[in-house]
Amino acid sequence: MDQLLEKLVSATKTSHRKFDLHLLEEAYEFTKLAHTGQLRKSGEPYLIHPVETALLLVEWGMDQTTVVAGLLHDTAEDGGATYEDLEKLFGTDIAILVDGVTKISNVKLKGSQEDEFVENLRKMILVMAKDLRVVFVKLADRLHNMRTIEHLQPGKQIKFATETLQVYGPLADRLGMGEVYGELSDLAFKYSMPEEYAKLIEQTKDIYSETENRAKKLRDELIVAITPQIPNVDVKARRKHVYSLYRKLQRPEINFDLDKVHDLVAARIITDTIAQCYVALGIVHSLYKPVPYLGVSDYIANPKPNGYQSLHTKVFGPDGYILEIQIRTEEMHEQAEMGLAAHFNYAEAKSKGVSDEKLEKGAILAPQEKLNWVKQLLTWQQQISDNQEYFATLKFDALAHRILVFSPIGDVFDLPYGSTPIDFAYRVHTQLGNQASGAKINGKMVPLDYKLGNGDVVEIVVDRKKNKPNRDWLRFAATHVARSHIAKALKS
Ligand code: MN
């Protein structure tokens, strides 16, 4: 057996899924034939790329159809295979997936003008929304390409990296695939903004290693303290991804002050059950005082929109320095690293008869909730024919960075940066927007053009006699949803 095939086969054996080795071998031979004589820019045989793509998909716990599609993903584009070939040999599902990946790959986002970019992004989303497995194959393909980006020419590196930063990184993030997002964006950051990257690495070298030492000390103390009550506990120290640090430093409240970043290296406590998370939090706070003004975030009770769940607390660590500690169950951990991919695993695990009790330990969100943003994009796509408007929607609502705010009863809403109470109101309900007359943030009255911040509790003050928005709201409303509702209400 070929070495590459052997590697793939042995990887599938460690997966909890069943693989038909005969099918795998056939797909491998087909791929090998299709790429005969082709080389990667590194000079290696091309075949390495589809095999590495398939290996990533196995690692992510994807099903056989997705893994085989990963193996075959470039055979149409670069290997001359037709849809009919693939369908005849490997069945309709696999052929459709390969076709989807090929279509996405043909969409050229790199260096295109805004208009073109929008139209192409729209096409891409349409393909992806039909079967999310296409996205996983594309992300695995992109991750391997980014891992080997050093072999490309500098001009290509920049285009490729920028596209990754603008489209594929945010996509992985929105799917809750934290690890993939982190790795993709770090690699892309390095090549698309080499100067900023080098500067940041240089600036943080010492502080990173210092913080790492502190976090290790903290970890050792935590293990000793927690193990008697939670024998299975796992405590790790983890470094923040460079790109996510870069983004954080740009936030106004941080303003490039590294002393204000407390999760440069965070300790992570992994337990079996949700109850144990809160027990661990109690032990942590008995050892180290929580920092009063930074406080505790309970993302278990209030998950982030992409499904992320954990307890976060910032404490004065062993030497008096502020450190962040994150506490979560094993399932939440997998969810945080793998997002929607992890969910696919659980859905399948459940159908295979894993006990409800075990599944409940990890409080899994309904898949529908996580698919909402894809659906939303689709709906907008259908409603909006004008490219400019669609671009605005996409650019500012969907792919821009987000803030999380809360309603007075604790419902969480995901809004783009720059949103105001008016955006919040229209997000909740059209009526609430139209009747808005004032807003309270964290209990205090603020003007309606107030820029919302992460974690704000937003309460809209309503005037029941009012049924029309104010024209000047259009000056500051940031979301497409709010703007179009305001414009419509003013017209009628
Ligand atoms: Mn590829």
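Residues numbered from 1 in each chain as written. Predicted model: local features only at pLDDT ≥ 70, side-chain atom pairs only at ≥ 80, totals over all residues. Heavy atoms only, no water.

### Side note on the coordination of the manganese ion
Inclusion rule: A 2.8 Å cut-off from the metal defines N, O and S donors, relaxed to 3.2 Å for Na, K and Ca; water is not in the atom list, so some sites may appear incomplete. In DSSP terms, a helix is any run of H or I states spanning at least four residues, a strand is any run of E spanning at least two, and both are numbered starting from the N terminus. Burial classes follow relative accessibility: with a 1.4 Å probe on protein chains only, a residue under 20% of its type's maximum area counts as buried, one over 50% as exposed, and anything between as partly exposed.
Around the manganese ion, the protein supplies His49 (NE2), His73 (NE2), Asp74 (OD) and Asp141 (OD) as donor atoms, at distances of 2.2 to 2.3 Å. For the manganese ion, all donor residues lie on one chain, and their spacing in sequence is H-x23-H-D-x66-D. With His49 in helix α3 (residues 48-59) and Asp74 in the loop between α4 (64-72) and α5 (83-90), the pair connects residues that are 25 residues apart, well separated along the chain. For the pair His49 and Asp74, one class covers both residues: buried.

### Examining unusual backbone geometry
A positive phi angle is found at Asn255, which is not glycine, with a value near 50°. Following the sequence through the fold, Asn255 ends up in the loop between α12 (242-250) and β2 (265-271). On the accessibility criterion, Asn255 (55% relative accessible area) is exposed.

### With respect to the packing of aromatic side chains
We apply this condition: Side-chain rings of Phe, Tyr and Trp, where Trp is taken by its six-membered ring, are said to pair if the distance between their centres is within 6.5 Å; with planes under 30 degrees apart they count as stacked, over 60 as edge-to-face, and otherwise as tilted.
On inspection of all chains with the given rule, the structure shows six aromatic pairs. Relative to Phe90, the ring of Phe30 has its centre 5.5 Å away and its plane inclined at 80°; by these criteria the two rings are edge-to-face. Taken together, the positions of Phe30 in helix α2 (residues 21-34) and Phe90 in helix α5 put the pair 60 residues apart, joining distant regions of the chain. Seen in terms of ring centroids, Phe189 and Tyr246 are 4.6 Å apart; in terms of plane orientation they differ by 35°. Their pairing is tilted. Of the two residues, Phe189 sits in helix α10 (residues 178-192) while Tyr246 sits in helix α12, which places them 57 residues apart along the sequence. By relative accessible area, which is 0% here, Phe189 ends up buried. Of the aromatic side chains, those joined through ring pairs into one cluster are Phe189, Tyr197, Tyr243 and Tyr246.

### A look at the environment of Leu55
Operational definition: Every residue pair with non-hydrogen atoms within 4.5 Å of one another is taken to be in contact.
When you line up the elements, Leu55 lands in helix α3. Taking C-alpha positions, Leu55 is 8.6 Å from Gly70, a pair spaced 15 residues apart along the chain. Ignoring any residue separated from it by four or fewer positions in sequence, one finds Leu55 in contact with Lys7, Leu8 and Ala11.

### Some remarks on the confidence of the model for the protein chain
Rules: The predictor attaches a confidence to each residue, called pLDDT, with possible values from 0 through 100.
Of the residues in the protein chain, 80% reach a pLDDT of 70 or more, and the chain-wide mean stands at 82. Note that residues 346-373 has pLDDT below 50 and, in this model, 41 contacts with residues that lie over four places away or in other chains. Note that pLDDT drops below 50 for residues 377-400; the model gives that stretch 48 contacts with residues more than four away or on any other chain.

### Comments concerning the sheet that holds strand β8 (residues 436-441)
The strands making up a sheet are joined through hydrogen bonds of the backbone, oriented either antiparallel or parallel. Rules: Strands pair, by our definition, only if DSSP identifies at least two bridges between them. Only the stretch in contact is used when a helix axis is fitted, and all axes are lines through C-alpha atoms; the angle between N-to-C directions ranges over 0 to 180 degrees.
Here three strands make up an open sheet; going across it, the order is β9-β8-β10 and the pairing antiparallel. Strands with a single pairing partner mark the edges of an open sheet, and in this sheet they are β9 (444-446) and β10 (458-462). Strand-to-strand twist of the sheet, defined as the mean angle between neighbouring strand axes without regard to direction, takes the value 40°. Bridge count for β8 against β9 is three bridges, and the pairing is antiparallel. Note that in β9 the partner of Ile441 across the bridge is Lys444.

### Quick notes on the side chain of Arg214
Rules: Residues adjacent in sequence count toward polar contacts only when both atoms are side-chain atoms; beyond that, a polar contact is any pair of N or O atoms within 3.5 Å, and within protein one must be able to donate a hydrogen and the other to accept it.
Tracing the backbone through its elements, the reader meets Arg214 in helix α11 (residues 194-226). Of the polar contacts made by the side chain of Arg214, one reaches the side chain of Glu210; its length is 2.7 Å. Apart from the residues lying within four places of it in its own chain, the contact partners of Arg214 are Asp319, Tyr321 and Leu323.

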